[in-house]
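# Breakdown of the fold
Here is how the chains run, residue by residue.
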Amino acid sequence: MKIVLTGPKCAGKSSIGRIAAERLNIPFVETDEIIESLYADAHGERLTCREIWKTLGEEGFRAIERQAVEEASGMDWCVLSTGGATMLHPESRRLLQRDSIIVLLTSPADILWQRMETIGLPPFFAVPDGRERFEERLASIDEAILPVASFVIDSSSGTPEEVADQVVCGIEEEMALRANQPNTFGEIIRVTTFGESHGPAVGAVLDGVPPGIELSEEDVQKELDRRRPGQSNVVTPRNEADRVHILSGVFEGKTTGAPIAMVIYNQDQDSSKYEKLRDVFRPGHADFTFWHKYGIRDHRGGGRSSGRETAARVAGGAIAKKILQERGINITAYALEIAGIRAQTIDHSQIEKNSVRSPDPEAAARMEEAILAARAEKDSVGGIVQLEITGVPVGLGDPVFWKLDARLGMALLSLGAVKGIEFGEGFGAARMRGSENNDQMQDGRFLTNHAGGLLGGMSTGEPIIARLAVKPTASIARPQKTIDTSGENREITVEGRHDPCIVPRVVPVVESMAALVILDALCAQERIRAASGGFAG
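So, here is what we can say about the structure in this document. (Residues numbered from 1 in each chain as written. Predicted model: local features only at pLDDT ≥ 70, side-chain atom pairs only at ≥ 80, totals over all residues. Heavy atoms only, no water.)

Moving on to the side chain of Gln221. Locating Gln221 in the fold gives a position in helix α8 (residues 217-227). Among the residues examined, Gln221 registers a relative accessible area of 0% and is labelled buried. Only 3.0 Å separates the side chain of Gln221 from the backbone oxygen of Asp242, close enough to count as a polar contact. Filtering out sequence-adjacent residues up to four positions away, Gln221 remains in contact with Ala241, Asp242, Arg243 and Val244. (Helix = DSSP H or I, 4+ residues; strand = E, 2+ residues; numbered from the N terminus. Buried < 20%, exposed > 50% of the residue type's maximum accessible area, 1.4 Å probe, protein only. Polar contact = N/O pair within 3.5 Å; in protein donor to acceptor, adjacent residues only side chain to side chain. Contact = heavy atoms within 4.5 Å.)

What follows is the structure, encoded as structure tokens:
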């Protein structure tokens, strides 16, 4: 995320931008400075932008300007001042728009012209028809930038300090609005899911995927098939094919760079079992909290709070997973424990060979028996999923508030059934000494991996290891005490087709959410490297 301050010449971008950056405590950067540095690197002498224009002419100047924009587009968490004319170029505008808040500074034409005359008209306006050209330029800037601007401020409305305060307030309001997107996840690679359990369909829109990546519906379908209901005797018998339909963003088998919209139609929903629950809160579900937050809820399977929503996450995550695999990053999750029965051996080749997705075939048989026993008793069981991510380069993630483990935790705890997460030794580290928990290093590598592949919120290059606590399915066919929307005591029995254990089907969802986080962090890291010109590591 960066703040792009743009507008016509003499709108106060530099002075206002510097003050705003100081108050936000982030760097201030000008594309003019980047242009001057690029020219100096190429020609061995440093000139001002005016001098570069006179030396190279408009065509040569604009070529360097576009190089500067490419460099600036990879910057993060800064206030970037750039001329309105720069934003007139469609590709420059597209680059600077991405992951940015665009602030358009403007002023009445007479004020801007007077300011320019005071400091000296630029060469392209120091001509007989300069004022007319200037008016045309202002109209072009408005036409090009107004549609993409987050907000517009008249820089003549106060002192630079007062206008900077308006800019900071606008940024804070815009960021608050962007934060209020509970159905969208990610910064560069962004997935938005939609749909309800008993509605016509669920789906996802994945944005930020680069063009030219080979992609087919089958790439997505193979992951959805691992999550879909009705696939074994230990999951819900609801029979959904979960066939994905890609509506946009793919042409002739390759991504176009446009948002990839995918839809999965619901075909076997049965809402009749839920009619008696219209005014009753199911224990263990989000019915109670949804009702009190929104004053309305979809009683048919929970609507958005249903596990059905995770099919859309898998659709988006399948694409992220494919991209990562092509870069040598592999993500594997499995049932480490179900109903207190823990895998004693870890053999990844066994995970997809049993109904519970355990890496231990002997433990898998006992896990399955425990699930079926719970179902027979009209009850359910939970478990622990282990997540392993290999091939991750060193340095993904950011210190302090955007740590990679914090981002993974946010993604994985957003799954309705996940109630806890630990990385590496996790809670076990609380019972160790520092001499036991520290991962010592020798010959360019770590000797152990107690940290689970994460130090200081960034990847170490070792496998990232996490374990997730998955609660027992909330929907059980036993009588339970509850209340209704009027606060009256009630007793209910939840009917319908429900998983006696969520663990086997949550495994591909865990992998998908992890893939979205890792790809997003990888894209962020690539931008940092591009902006800095590369560095050791």
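Before going further, it helps to spend a moment on the pattern of salt bridges. Tallied over the entire structure, the rule returns 35 salt bridges. The closest approach of N and O atoms between Arg243 and Glu218, which form a salt bridge, is 3.1 Å. Highlighted residues: Arg243 in the loop between α8 and β9 (244-246) and Glu218 in helix α8, separated in sequence by 25 residues. What makes Glu218 partly exposed here is its relative accessible area of 47%. When the shortest N-O distance is used, the salt bridge between Asp242 and Arg308 registers 2.8 Å. Of this pair, Asp242 sits in the loop between α8 and β9 while Arg308 sits in the loop between α9 (287-294) and α10 (310-326); the two residues are 66 residues apart in sequence, bridging distant segments of the chain. The class for Arg308 is buried, based on a relative accessible area of 6%. (Salt bridge = Lys/Arg side-chain N within 4 Å of Asp/Glu carboxyl O.)

Another point: the sheet that holds strand β15 (residues 383-390). Reading across the sheet, the five strands line up as β14-β13-β15-β21-β16 and stay open at both edges, with antiparallel pairing between neighbours. Single-partner strands in this sheet number two, and they are β14 (341-342) and β16 (418-423). Pairing analysis gives eight bridges linking strand β13 (residues 330-338) to β15, with the strands arranged antiparallel. Bridge pairing in β15 places Tyr334 opposite Gln386. (Pairing = 2+ DSSP bridges.)

Let us look at the pairing of strand β1 (residues 2-7). For β1, a buried count of six out of six residues is recorded, marking the element as mostly surrounded by other parts of the structure. Of the two faces of β1, the one lined by Lys2, Val4 and Thr6 and the one lined by Ile3, Leu5 and Gly7 are each fully buried. Summarising the sheet, β1 and strand β4 (residues 100-106) pair through five bridges and their orientation is parallel. Along β4, the bridge assignment pairs Lys2 with Ser100. Pairing geometry for β1 and strand β3 (residues 79-83), over five bridges, is parallel. Within β3, the position partnered with Leu5 by the bridge is Ser81.

Further remarks concern the environment of Gly7. In this structure, Gly7 sits in strand β1. Along the primary structure Gly7 and Lys273 are separated by 266 residues, whereas in three dimensions their C-alpha atoms are 59 Å apart. Setting aside anything within four residues of it in sequence, one finds Gly7 in contact with Lys13, Thr82, Gly83, Gly84, Leu104 and Leu105.

Enumeration according to the criterion identifies five aromatic pairs in this entry. Relative to Phe134, the ring of Trp113 lies with its centre 5.5 Å away and its plane at 45°, an arrangement referred to as tilted. Taken together, the residues span a long stretch of sequence, with Trp113 in helix α5 (residues 109-119) and Phe134 in helix α6 (residues 130-145) at a distance of 21 residues. Classification of Trp113 by relative accessible area gives buried; the value is 10%. Note on Phe134: relative accessible area 1%, which makes it buried. Where Phe290 meets Tyr294, the ring centres are 5.5 Å apart and the plane angle is 55°; that geometry is what we call tilted. Placement of both Phe290 and Tyr294 in helix α9 is noted, with a separation of four residues, approximately one turn of the helix. What makes Phe290 partly exposed here is its relative accessible area of 28%. Given the relative accessible area of 49%, Tyr294 is considered partly exposed. (Phe/Tyr/Trp six-rings, centres within 6.5 Å; stacked < 30°, edge-to-face > 60°.)

Moving on to the sheet that holds β3. Pairing within the open sheet is parallel, and its five strands lie in the order β2-β3-β1-β4-β5. In the strand order of this sheet, the two ends are held by β2 (28-30) and β5 (151-154), each with one partner. Across this sheet, the average inter-strand angle for adjacent strands is 25°, counted without regard to direction. (Axes fitted to C-alpha atoms, helices over the stretch in contact; angles between N-to-C directions.)

A separate point is the nonpolar core. Core analysis: the biggest nonpolar cluster contains 76 residues, and Met262, Ile338, Leu387, Ile389, Leu404 and Val510 have the highest contact counts within it. No other element matches the 15 residues that helix α14 (residues 503-532) contributes to this core. Not counting residues within four places of it along the chain, the set of residues in contact with Val510 comprises Ala333, Val385, Leu387, Leu412, Leu415 and Leu468. In this structure, Leu5, Ile16, Phe28 and Leu138 belong to the second largest nonpolar core, which totals 29 residues. (Core = buried A, V, L, I, M, F, W, Y, C linked by side-chain atoms within 4.5 Å.)

To continue, consider unusual backbone geometry. Not every positive phi belongs to a glycine, and Cys10 is a case in point at roughly 70°. Relative to the helices and strands, Cys10 resides in the loop between β1 and α1 (13-24). Classification of Cys10 as buried rests on a relative accessible area of 16%.

Where helix α3 (residues 49-73) contacts helix α4 (residues 90-97), the axes come no closer than 9 Å and their chain directions differ by 15°. Judged by the angle between their axes, α3 and α4 are roughly parallel. Judged by the sense of rotation from one axis to the other, the crossing of α3 with α4 is left-handed. Residues Arg66, Val69, Glu70, Ala72 and Ser73 of α3 form the contact with α4, whose participating residues are Ser92, Leu95 and Leu96. Of the residues assigned to the contact of α3 with α4, the class counts are four nonpolar, two polar and two charged. (Parallel < 35°, antiparallel > 145°, perpendicular 65-115°, else oblique. Left-handed = near helix turned anticlockwise from the far one by under 90°. Nonpolar A, V, L, I, M, F, W, Y, C, P; charged D, E, K, R; others polar.)

Interpretation in functional terms is not warranted from these geometric data alone.
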